[in-house]
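# Fold and contact review
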Protein chains: 2
Amino acid sequence: MRKRFHKDVSVVVTIKEVAKEANVSISTVSRVLNKSGYTSEKTKEKVLNAVKKLNYQGSLVAAAMKKKQTLTLGLIIPDIKNIFYSDLTRTIEDRANSHGFNIFLCNTDNNLQKEAEYIHLLIAKGVDGIIFSSPEVDDGNIEELKENYPELPVVILGGKFPKLILNEVVVDNVDGAYKAMGHLLDLGHKDIAFIGGDPETYASVERHKGYKMALNERGIQVKDDYVIFDTFYIQSGYENAKRLLQKNDRPTAIFAVSDSIAVGVYKAARELNIRIPEQLSVVGFDDSQYAEILYPMLTTIRTPIKEMGQRAIEIMVKAIKEKQIIKETVLFYPNLIERESTMAIEADHPKK
Amino acid sequence: MRKRFHKDVSVVVTIKEVAKEANVSISTVSRVLNKSGYTSEKTKEKVLNAVKKLNYQGSLVAAAMKKKQTLTLGLIIPDIKNIFYSDLTRTIEDRANSHGFNIFLCNTDNNLQKEAEYIHLLIAKGVDGIIFSSPEVDDGNIEELKENYPELPVVILGGKFPKLILNEVVVDNVDGAYKAMGHLLDLGHKDIAFIGGDPETYASVERHKGYKMALNERGIQVKDDYVIFDTFYIQSGYENAKRLLQKNDRPTAIFAVSDSIAVGVYKAARELNIRIPEQLSVVGFDDSQYAEILYPMLTTIRTPIKEMGQRAIEIMVKAIKEKQIIKETVLFYPNLIERESTMAIEADHPKK
DNA sequence: ATGAAAGCGCTAACAG
DNA sequence: CTGTTAGCGCTTTCAT
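Here the structure is a predicted model, which is why all the values come from computation and not from measurement.

## Observations concerning helix α5 (residues 83–98) of chain B
Residues and elements named next belong to chain B. For α5, built from 16 residues, the straight-helix expectation of 22 Å at 1.5 Å per residue is met to within 8% by its first-to-last C-alpha distance of 23 Å. Within α5, 12 of the 16 residues are buried, leaving the element largely enclosed by the surrounding structure. Restricting attention to buried positions, one finds in α5 the residues I83, F84, Y85, S86, D87, L88, T89, R90, T91, I92, E93 and A96. For α5, the N-terminal cap is N82; the gap from its side-chain oxygen to the backbone nitrogen of F84 is 2.8 Å. Among the residues trailing α5, G100 stands out with phi positive, at a value near 90°.

## Comments concerning the side chain of H208(B)
Relative to the assigned elements, H208(B) resides in helix α9 (residues 202–217). Among residues more than four places away in sequence, those in contact with H208(B) are F194(B), V227(B) and F229(B).

## What to know about the pattern of salt bridges
Taken as a whole and assessed by the stated rule, the structure comprises 38 salt bridges over all chains. The salt bridge partner of R90(A) is D79(B), with a shortest N-O separation of 2.9 Å. One end of the pair, R90(A), is in helix α5 (residues 83–98); the other, D79(B), is in the loop between β1 (72–77) and α5, on a second chain. Across this residue pair, the class does not change: R90(A) and D79(B) are buried. For D109(A), the salt bridge identified is with K114(A), shortest N-O distance 3.1 Å. One salt-bridge network, in which partners are shared between bridges, spans D79(A), D109(A), K114(A), R90(B) and D94(B).

## Observations concerning the interface of chain B and chain A
Interface extent is often summarised as the accessible area lost during association of the parts. Tallying the contact residues gives 56 residues for chain B and 56 residues for chain A. In total, about 4800 Å² of surface goes out of reach between chain B and chain A, with carbon and sulfur atoms giving 57% of it. Interface area lost by chain B to chain A is led by R90(B), K125(B) and I293(B), which between them contribute 14%. At the boundary of chain B with chain A, the tally comes to four salt bridges. Here the residues of the side of chain B that touches chain A are counted per class, giving 26 nonpolar, 15 polar and 15 charged.

## Structural notes on the relation of the copies chain B and chain A
In this structure, two copies of a chain are linked by a rotation about an axis accompanied by a shift along it. For the pair chain B and chain A, the best superposition has an RMSD of 0.1 Å and corresponds to a rotation of 180° with a translation of 0.0 Å parallel to the axis. Such a turn and shift between the copies fits a two-fold axis. Proximity to the rotation axis, assessed at the C-alpha, singles out F104(B) in chain B; its C-alpha lies 2.5 Å from the axis.

## As for the packing of α5(A) against helix α6 (residues 112–124) of chain B
One can describe the packing of α5(A) onto α6(B) by two numbers: an axis separation of 13 Å at closest approach and a directional angle of 70°. Considering their axes alone, α5(A) and α6(B) lie roughly perpendicular with respect to each other. Counted together, R90(A), E93(A), D94(A) and N97(A) of α5(A) and K114(B), Y118(B) and L121(B) of α6(B) form the full contact between these two elements. Taken together, the residues of the contact of α5(A) with α6(B) break down into two nonpolar, one polar and four charged.

## Topic: the domain arrangement of chain A
Each assigned domain of chain A is listed here: domain 1 (1–68) and domain 2 (173–303). A separation of 60 Å is found between the C-alpha centroids of domain 1 of chain A and domain 2 of chain A.

## Description of α9(B)
Residues and elements named next belong to chain B. End to end, α9 covers 22 Å across 16 residues, agreeing with the expected 22 Å (1.5 Å per residue, within 8%). Along α9, the positions that sit buried rather than exposed are Y202, A203, S204, E206, R207, H208, G210, Y211, A214 and L215. Buried residues along α9 sit against β5 (167–171), α8 (173–186), β6 (192–196), β7 (227–229), β8 (253–256) and β9 (281–286). Positioned one or two residues after α9, G219 has a phi angle of 65°, which is positive.

## Notes on the environment of D286(B)
All names here are of chain B. Checked against the element boundaries, D286 lands in strand β9. Between the C-alpha atom of D286 and that of T14, which follows or precedes it by 272 residues, the distance is 49 Å. With residues up to four places along the chain from it excluded, the contact list for D286 reads F84, R207, S258, D259, T300, I301, R302 and T303.

The rules we used
- Residues numbered from 1 in each chain as written.
- Chains lettered and ligands numbered in written order.
- Predicted model: local features only at pLDDT ≥ 70, side-chain atom pairs only at ≥ 80, totals over all residues.
- Heavy atoms only, no water.
- Helix = DSSP H or I, 4+ residues; strand = E, 2+ residues; numbered from the N terminus.
- Expected span 1.5 Å × (residues − 1).
- Buried < 20%, exposed > 50% of the residue type's maximum accessible area, 1.4 Å probe, protein only.
- Polar contact = N/O pair within 3.5 Å; in protein donor to acceptor, adjacent residues only side chain to side chain.
- Contact = heavy atoms within 4.5 Å.
- Salt bridge = Lys/Arg side-chain N within 4 Å of Asp/Glu carboxyl O.
- Buried area = accessible area lost by both parts, 1.4 Å probe.
- Nonpolar A, V, L, I, M, F, W, Y, C, P; charged D, E, K, R; others polar.
- Least-squares fit on C-alpha atoms with pLDDT ≥ 70 in both.
- Axes fitted to C-alpha atoms, helices over the stretch in contact; angles between N-to-C directions.
- Parallel < 35°, antiparallel > 145°, perpendicular 65-115°, else oblique.
- Domains from an automatic or database assignment.

Encoded structure:
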């Protein structure tokens, strides 16, 4: 004879006990709880009473196993501490939740190795879909993922994979940068530096494109030592701005590829006693919470994060529900939010 | 005869196929993959080869069902957009991940109804534990949770439930407030206002206690119209500071119960042309990213978030591994970070 | 309208 | 050292 298991003291009540309590079969319980199939009002009531009495809480993990649907989504971002991603994450979590999904949060620090590990884990845990925000250009992990799991719904926020069948929700970065530069150029600036973030990043490369485009259009030579790529951290903006602003031919304006970088620029300017906007104009990107906290308030390019996050979830949910893998791309346009950090160069530019 | 199911096109390979490919039983596969029990080097190799060949990815949901361990944790916070919680969440996610756990992120906006729903969902999804950050005082949901699932490991960050058997990682808020006030008092301030956040919140009530305590100790009458409770949002700090600063007997210093509130205070001061710190000293709480972004940089009370988050995970993991539910409370002490937003009142206080 | 039974993919006890 | 087998808690045919 088989040895008795040690009694499992788990207090958790299962569908079986509910069935017993209600004097029906477990399938009946399942039916009323899922509102599937027919059940008489009377049994329905019996079941519901038993559920209440036993304080029954169905196991979604068991259900997931049968239905192959965990009702959870993976969200892969570089870093939740970055205000841009926390804003985004909030919208995504909210919208997902309202559709009955939970979110596994994954921070990669733009580390491909880490990203790969998360992807495996998410797959193992059976997520119904994965949302990537700001992947690197030509992120091999995503390619591999799509190869191994072509059926898994994927949406990319802020990234383009023309060859892969997945959904993309993007903002026109070159247009945004172009607008930022247009504003500066219109104010009479000619010596405009560019401080980018991580160079393998869509945000960096595309905004750089817009930067060059605007300059070229006005026939202004782009100076190599005016363009810098580093990271999106405040510290990076600080260090690079400091270097830039200590040059003999320092720029009269800086286009920072993100608000966080702009924060660093402010810090550097303050340290060097360079007044913004009188002696230095600066434009950021994102229109994050930082923009209004900075003094003077930051002129920046607004990325419609909320709308983008919301759209991402809609697409994801549709893909999951309809079980069809297609490629959908939606493009958002950013726009300039003028605040106080820019100024016409003629007005008063002590440097000149 | 039973009708054949429609072929399940799921591309996912299961342990069965690996077993077939490797010519062993599924239990053998399970054994080598889990490194449990004995297996000869030879079969081990065969299995591993098959795994690689088929690109097998075990299902943790099936495993979870057997083992009653999902390797996931629920994290319930008010709002990830709040920089305090994104800092915290990052540490928690990192540490949890390094122990093999994933995090379900839940934003409640301090809404008890929402919190209750999340708790149910987390339970249904079989999380191995739940971490609550900054619950309300006497949060009934937590009480109920512990009643229904006494075996579920719970750790509370920044909250106290003396009657419940759960773990607490707290910071001594009254001490923090007391230090903030001590600093201001030492600088000669007597008219010090208090701007709190949500009144049902430990942070608010305990910091208020510290505020009163410091004042009493120096024999200073606490003025009712100098203490305000509202929310932790910037906007709330702004509105309340504005009102405060327009009074005839406006305070010479403000103790803001969080850095975000302090941000609002800066804004109000700027609008009213009140210079910080010359005409108004302000102290914040948290030492968040905001503190160094603000100009002048904010003097604030540092909460050791990283250490606290890390500790929370350690306790959680221990509780899960050892399967014993005990009450552990760890207390952290905050300390004052002096920066530029405070100043001795004698020096130059135009108001006086 | 309801119940019986067959799994979902895996782990672990047990018997070789 | 390895295979057989019995579930984990639920959903879903299919039969009644």
